[in-house]
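Each chain, written out:
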Amino acid sequence: MSDLKGKDILHGNQFSKKDIDAIIKTTANFEKALKGKDSLTLLKGKILATLFFEPSTRTRLSFETAMHRLGGGVVSMASGESSSAAKGETVADTARTVSQYADVIVIRHPRIGSAKEAADSAPIPVINAGDGAGQHPTQALLDIYTIYKERGSLKNLTVSMVGDLKYGRTVHALVELLSLFQARLYFVSPGLLRMPEEITSHLKEKGIEIVETEDIGEAAKASDLIYMTRIQKERFTDLSEYEKTKGRYIIDGEFLRRLKKEITILHPLPRVDEISTEVDGYPGAAYFRQVRNGVFVRMALLAMVLGKR
Ligand code: CP
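Position numbers for residues start from 1 in each chain and track the written sequence from start to end. Whole-chain, interface and lining totals are the exception, using all residues; otherwise, since this is a predicted model, local features are given only for residues with pLDDT of at least 70 and side-chain atom pairs are given and counted only at 80 or more. Note: side-chain values were computed over all heavy atoms of the structure, leaving out hydrogens and water.

Caption draft 1: View of the overall build of the protein chain. Counting from the N terminus, the helices are the DSSP runs of H or I reaching at least four residues and the strands are the DSSP runs of E reaching at least two. Tallying secondary structure elements over the protein chain gives eleven helices and nine strands in all. Radius of gyration here is computed from C-alpha atoms only, and the compact-globule reference equals 2.2 Å multiplied by the residue count raised to the power 0.38. The globule rule puts the C-alpha radius of gyration for 309 residues at 19 Å, and the 19 Å found for the protein chain is close to it. Over its C-alpha atoms, taken along the principal directions, the protein chain stretches across nearly 55 × 45 × 40 Å. With 309 residues in all, the protein chain has 55% of them scored as buried. Only heavy atoms enter the contact rule, under which two residues are in contact if any of them lie within 4.5 Å. Sequence separation of 24 or more characterises 71% of the internal contacts of the protein chain that already satisfy a separation of 6 or more. Charged side chains in the protein chain number 44 positive and 39 negative. The centres of these two groups are separated by 6 Å. Throughout this description, buried means an accessible area under 20% of the type-specific maximum (1.4 Å probe, protein chains only), exposed means over 50%, and partly exposed covers the range between. Asp and Glu count as negative and Lys and Arg as positive, but His and the ends of the chain are not part of the count. Positions of charges follow a simple convention, taking NZ of Lys, CZ of Arg, CG of Asp or CD of Glu.

Caption draft 2: Main features of the nonpolar core. In these notes, a set of buried Ala, Val, Leu, Ile, Met, Phe, Trp, Tyr and Cys residues joined through side-chain atoms within 4.5 Å is what counts as a nonpolar core. Counting 62 residues, the largest nonpolar core has Ile20, Met161, Leu178, Leu185, Phe187, Met299 and Leu302 as its most contacted members. Residue ranges for the domains originate in an automatic or database domain assignment. Per-domain counts for this core show at least three residues from each of domain 1 (12–135 + 294–305) and domain 2 (137–290). Residues in contact with Phe187, not counting those within four places in the same chain, are Met161, Leu165, Val175, Met195, Thr200, Leu203, Ile210, Val211, Glu212 and Thr213. Judged by nonpolar contacts, the second largest core, of 21 residues, contains Tyr249, Ile251, Leu256 and Leu259.

Caption draft 3: Summary view of the sheet that holds strand 3 (residues 104–109). Strand order in the open sheet formed by four strands is 2-1-3-4, and the pairing between neighbours is parallel. For this open sheet the edge positions go to strand 2 (73–77) and strand 4 (126–131), each flanked by a neighbour on one side alone. The mean inter-strand angle of the sheet, taken between neighbouring strand axes irrespective of direction, is 15°. A strand pair is defined by DSSP finding two or more bridges across the two strands. The sheet contact formed by strand 1 (residues 47–52) and strand 3 spans five bridges and is parallel. Looking at the pairing, Phe52 lines up with Arg108 of strand 3. To obtain each axis, a line is fitted to C-alpha atoms, and for helices this fit is confined to the stretch in contact; angles are then taken between N-to-C directions over 0 to 180 degrees. The strands touched by helix 3 (residues 91–98) within the sheet are strand 1 and strand 3, with strand 3 carrying the most contacts at an inclination of about 155°.

Caption draft 4: Broad picture of unusual backbone geometry. Note the cis peptide between Leu269 and Pro270, where omega equals 5°. Counting through the fold element by element, Pro270 comes out in the loop between strand 9 (264–266) and helix 11 (287–305).

Have a look at this one:
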């Protein structure tokens, strides 16, 4: 069995297949253990600190919910402006300070590499909840758990990733996990937002089959699953590039009818306009189940890094 005790969670590439198996099993156990109960007592006396220098609804609140459901406590910083970062304190000093109060840190920050900086400075486990356009490994783990539940297996999948593949930290992390299971990948994006070359070449070295295209219809026809993402206005330095790419890919009822098959649709959320609300009732639309799975996966991760699973 894999052992995450005392470890940081920083990047999708740190996990082996054995780790994924262990995380899925532990998550499923927590999901089952919580049925009919409000909370457990496994992490009673432990404290989680959430340090968020960028906006979040799901990641911060699901980590905090997970800690409460495990019987632990939470201290929270919901924005950089409300902390001493506004006075110029570094991420390293903030993390070292907070490690005097808490047993585990979850951090989101707009700069790539910031979670690693926090982890290098703090003597307690640090979990990356998104470092700019870099990585979002816990989102990838909840995506994998959702795929496993929705499809019944992680093997032999063809997955289309659609939208902002250049700045999308969720897809950057998820491809690392899908590559462990030899998934075939379609990367669907406008030319300006293609998957970074260092990621595609790394995947090709691992023998992963990749098709890069701007045609969502072609990719969807060949896929078991579409992983939709938002074009992230906040990541563009040139807003004219955002204007050129926004609204490019939209899944609506007409798109699904033309597809003539059932396909699983995931989205890390938030969405803007890329999935029409009329799709929400479609049986394969799994993005709100995906949100719920986030709590169970994060319960598993908190328990595992604290050596309490
Ligand atoms: N999926 C995700 O990271 O959502 P939030 O930005 O709301 O945390």
